Amino acid sequence: AESAREPEALRWVVALVASKLPPEGYQPHEQGQQNLYVQQLNDNLPKNLRVPDDLRETVAEFVLAPPTPPQQPWPRGEAQASVLRNLSEDDPFALDLAESVLEIEERGEEVGGAAFTLLGRSRDPARRSVIFGRIDDLPAEDRLPPLTELSTPLYEAEEDRLVELMDEAITSLASWGI
């Protein structure tokens, strides 16, 4: 797995992932095999991958591909999320890709979560602030989970924003009688 940091090995990993996209006529009974494949990908893909220049377009196309339609229960989003989560948090390409994921309206929940995870691991305050910008339109109860992805230590501005969001969440809960 560690050899996947090599450009040729990473090319192979991307080709493998792309080859597992659902073919036309996908049969739901194959779901167990697909879930096993995604679990193996999660278990074996090394962390902090840097995408070589000549593979960036291919990786971006894979990660940014639209979610699988509900009638095809193939875990493409899980495979996309696995690739995104394993990219290096200090690689500008990876962070740009995470931001691009968050700009897509129709994205899988897993892929969006992986984008928040990658941005949250970054120590660049500008990249981390993207998380706060993307959650502003969410209901109070949906704002907090992405913020759990922020790596510590938190910056002072992040702490202040978290306190504001917690106040909003507590107010919402109180208004619901919880």
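Chemist: If you had to explain helix α5 (residues 92–103) to someone new, which residues and values would you point to?
Modeler: Between its first and last C-alpha atoms α5 spans 17 Å; for 12 residues at 1.5 Å apiece the expected length is 16 Å, and the two agree. Among the residues of α5, those classed as buried are F93, A94, L95, L97, A98, V101 and L102. Contact partners of the buried residues in α5: α3 (56–64), α4 (76–85), α6 (109–121) and α7 (125–135). The N-cap residue of α5 is D91: its side-chain oxygen and the backbone nitrogen of F93 are 3.2 Å apart.

Chemist: Run through the pattern of salt bridges, naming residues and quoting values.
Modeler: This structure, assessed with the given rule, holds 12 salt bridges. A salt bridge links D91 to R50, with the nearest nitrogen and oxygen atoms 3.9 Å apart. Here D91, found in the loop between α4 and α5, pairs with R50, found in the loop between α2 (31–44) and α3; they are 41 residues apart in sequence, far enough to count as distant. By relative accessible area, which is 2% here, D91 ends up buried. Relative accessible area serves as the criterion here: at 44%, R50 is assigned to the partly exposed category.

Chemist: Could you give me a rundown of α6, with the residues and numbers involved?
Modeler: Its 13 residues place the ends of α6 18 Å apart at the C-alpha level, agreeing with the 18 Å of an ideal helix rising 1.5 Å per residue. Turning to α6, its buried residues are V111, G112, A114, A115, F116, T117, L118, L119 and G120. Contacts from the buried residues of α6 go to α3, α4, α5, α7 and α8 (140–147).

Chemist: I'd like a rundown of the nonpolar core, residues and numbers included.
Modeler: Formed by 34 residues in total, the largest nonpolar core has its most connected members in V63, L84, L87, L97 and L147. Secondary-structure elements contributing two or more residues to this core are α3, α4, α5, α6, α7 and α9 (156–175). Looking at this core, the element that brings in the most residues is α5, giving seven residues. Excluding anything up to four places from it in sequence, L97 contacts V59, A60, V63, L64, L84 and L87.

Rules used throughout
Residues numbered from 1 in each chain as written. Predicted model: local features only at pLDDT ≥ 70, side-chain atom pairs only at ≥ 80, totals over all residues. Heavy atoms only, no water. Helix = DSSP H or I, 4+ residues; strand = E, 2+ residues; numbered from the N terminus. Expected span 1.5 Å × (residues − 1). Buried < 20%, exposed > 50% of the residue type's maximum accessible area, 1.4 Å probe, protein only. Contact = heavy atoms within 4.5 Å. Polar contact = N/O pair within 3.5 Å; in protein donor to acceptor, adjacent residues only side chain to side chain. Salt bridge = Lys/Arg side-chain N within 4 Å of Asp/Glu carboxyl O. Core = buried A, V, L, I, M, F, W, Y, C linked by side-chain atoms within 4.5 Å.

Honestly, that's just the spatial picture; any functional story needs more than this.
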